[in-house]
Amino acid sequence: MSSDAASSPTASATAHENPISLLAMAGSQRRRSFNRALLRAALERTPAGVRVREFDPSRLPFYDGDVEAAGDPEVVAEFKAAVHASDLVLLVTPEYNAGLPAVLKNAVDWGSRPPRPQAWDAKPVAIMGATPGRLGTALAQRSLRESLAGLNARVMPQPRILLAGAGKLFDEDLKLADEATLDRLAAFLDAAVAWARRFS
Ligand SMILES: Cc1cc2nc3c(=O)[nH]c(=O)nc-3n(C[C@H](O)[C@H](O)[C@H](O)COP(=O)(O)O)c2cc1C
């Protein structure tokens, strides 16, 4: 993965547990993106025994059946393989016009395509999102959850991270600075890893 973080262990697994491979993606490429900042905060706090790989969904071309028919572009094949190889996918979504951003939906769509089983089938997924608005990306998360549920993904039902008023939660350097939110994030990550272990 040239432009993405290389696969790297964040901590060693405990003796009795296998490591969990986490594939992480944020749905904003904005330089001062709250969602990328939230993802960064999460990846700094992944529990022991989690190996992190990041993928930038904006590297994928827009889904096009003709492109697919000519054979998956290399980056698409790389993406599908990364989803298949992961034990858990963490998706961090902004909300655009009461839905999810095209770049994340596009990743869902490519992942849903052959070969079978498609990449989302039975895949444990955890979703979070941040917005300066008041609903914490609830509508975007619902939409993402619905698409993934239709693909037989195992989307963690609870807990949820819906960060409203994001402008007040991050400092000037976009560090997540709110203690209560940091505690909720740590609990969310623990729950997501436990969720993945139920199926691995
Ligand atoms: C086209 C567009 C539509 C938006 N629609 C919503 C919306 O429906 N709900 C919401 O909470 N925020 C909405 N926003 C504001 C985004 O939440 C805000 O720009 C956010 O910072 C984007 O995420 P990012 O910081 O990770 O880039 C919208 C922004 C744009 C550009």
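Keep in mind that this is a model prediction, so the values were computed, not measured. Sequence positions are assigned chain by chain, starting from 1 and proceeding in written order. Per-residue local features of the predicted model are confined to residues with pLDDT of at least 70, and side-chain atom pairs are confined, for both listing and counting, to 80 or more; whole-chain, interface and lining totals are unaffected and use all residues.

Engineer: Explain the nonpolar core here, please?
Structural biologist: Nonpolar side chains tend to gather and get buried jointly when the protein is soluble and globular. Counting 57 residues, the largest nonpolar core has Leu38, Leu88, Leu90, Leu91, Val125, Ala126 and Ala192 as the members making the most contacts within it. What counts as a helix is a DSSP run of H or I of at least four residues, what counts as a strand is a run of E of at least two, and both are numbered from the N terminus. Take this core: its biggest share by element is seven residues, from helix 6 (residues 179-199). Note on contacts: each residue gets a C-beta atom placed from the backbone, and two residues are in contact if those atoms are within 7 Å. If we skip the residues at most four places from it in the chain, leucine 88 touches Ile20, Leu22, Pro124, Ala126, Ala192, Val193 and Ala196. Joining buried Ala, Val, Leu, Ile, Met, Phe, Trp, Tyr and Cys residues through C-beta atoms within 7 Å gives a set, and that set is a nonpolar core. Three exposure classes are used, all based on how many other C-beta atoms lie within 10 Å of a residue's own C-beta (placed from the backbone): buried at 20 or more, exposed at 12 or fewer, and partly exposed between those limits.

Engineer: I tried to follow unusual backbone geometry on my own but got confused; where do I start?
Structural biologist: Among all residues save glycine, negative phi is the norm, and among peptide bonds the norm is trans. Look at the link from proline 114 to proline 115: it is a cis peptide, with omega at 5 degrees. With respect to the element layout, proline 115 can be found in the loop between helix 4 (102-111) and strand 5 (124-130). Residue proline 159 follows glutamine 158 across a cis peptide bond; omega there is -5 degrees. You will see that asparagine 97, though not glycine, has its phi angle at about 50 degrees, which is positive. Summarising the element assignment, asparagine 97 is placed in the loop between strand 4 (88-92) and helix 4.

Nothing here speaks to function; it is all geometry.
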